[in-house]
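# Chains, contacts and geometry: an overview
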Amino acid sequence: MIALNEHFRRYDFESDLEKALNRVDFFRIFHTMALRYGFEHFGVLQLTNEHETSLLAQRLTLHDLPAGLAEAYDKRHRFNDSDLFKSFYVSTISTVWRDGDRAADQGSPHESFLDQIGFDMALSVPVHSVAGTRFVILFLGDGDDIGRTEHFEICYEAACAFDYFHRQVLANKAGMGLTPRETEILRWISYGKTASEIALIVSVSEHTVNSHTATILKKLDVVNRTQMVAKAIREQIIQ
């Protein structure tokens, strides 16, 4: 990853960011950030097309939400229909949500996202990668509000942390260490081709295809071809 010079102001945050190498490191950074500003949890969400059905659990690329909470939410609610989700496509200004707040149409009887997810307060910080892919850093907790200074600080720190997280982890995971040949074989597997069929297509032996497949399984940390394809699609290695 390209090192940043002194023109990129990270203040007292720089040391932690420079030492962060993996998801565990950034989990600690975001989790500590949430606690420092009075929140309990965080989530890094990747945004999709506004009209594309989105499950909360599938949008989370890193989070410390209680186990099963996002999945339970998705079983009962549509993230696309939430006031929080809709706000992401109205403006890129950070938003603060408090228990009892409603969407712009005051008096609407529908439950707010906070009612549905079970927290009293949320803060969203829209961010994006250098390539323009949109994400949102979401902080959740049971506080009453956040002050102006703290709001400014958490937005800046979240943007800095996300920049490092994307460049160090998300950008690198695009291939998850797969070679071009392994990615090619993985794509043919996703099309339902057998090892012998793939061997003919890419002009290698069936033994070589099986060897590549075993390596792919190990790199993706899965146990079979079905899990392998599912994870590759989820991690956007293949379409």
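It should be noted that the structure appears before, not after, this text.
Each value, and the rule that gives it
Residues numbered from 1 in each chain as written. Predicted model: local features only at pLDDT ≥ 70, side-chain atom pairs only at ≥ 80, totals over all residues. Heavy atoms only, no water. Axes fitted to C-alpha atoms, helices over the stretch in contact; angles between N-to-C directions. Helix = DSSP H or I, 4+ residues; strand = E, 2+ residues; numbered from the N terminus. Parallel < 35°, antiparallel > 145°, perpendicular 65-115°, else oblique. Contact = heavy atoms within 4.5 Å. Nonpolar A, V, L, I, M, F, W, Y, C, P; charged D, E, K, R; others polar. Buried < 20%, exposed > 50% of the residue type's maximum accessible area, 1.4 Å probe, protein only. Pairing = 2+ DSSP bridges. Salt bridge = Lys/Arg side-chain N within 4 Å of Asp/Glu carboxyl O.

## A look at the packing of helix α8 (residues 180–190) against helix α11 (residues 225–234)
The contact between α8 and α11 brings their axes to 10 Å, and the two run at 110°. The orientation of α8 relative to α11 falls into the category roughly perpendicular. Across the interface between the two elements, Leu-186, Ile-189 and Ser-190 from α8 touch Arg-225, Met-228, Val-229 and Ala-232 from α11. Here the contact of α8 with α11 is built from residues that sort into five nonpolar, one polar and one charged.

## Focus on the pairing of strand β1 (residues 41–46)
Within β1, six of the six residues are buried, leaving the element largely enclosed by the surrounding structure. Covered by surrounding structure in β1 are His-41, Gly-43 and Leu-45 together with Phe-42, Val-44 and Gln-46, the residues of both alternating faces. Relative to strand β5 (residues 134–141), β1 runs antiparallel, the two sharing six bridges. Its bridge partner being in β5, His-41 is matched across the sheet by Leu-140.

## A word on the pattern of salt bridges
Taken as a whole and judged by the stated rule, the model has six salt bridges. We note a salt bridge from Glu-157 to Arg-36, for which the minimum N-O separation is 2.5 Å. Of this pair, Glu-157 sits in helix α7 (residues 148–170) while Arg-36 is found in helix α2 (residues 23–36), placing the two residues 121 residues apart along the sequence. The salt bridge involving Arg-167 is made with Asp-163; its shortest N-O contact spans 2.9 Å. With Arg-167 and Asp-163 both in helix α7 and four residues apart, the pair spans about one turn of that helix. Relative accessible area serves as the criterion here: at 16%, Arg-167 is assigned to the buried category.

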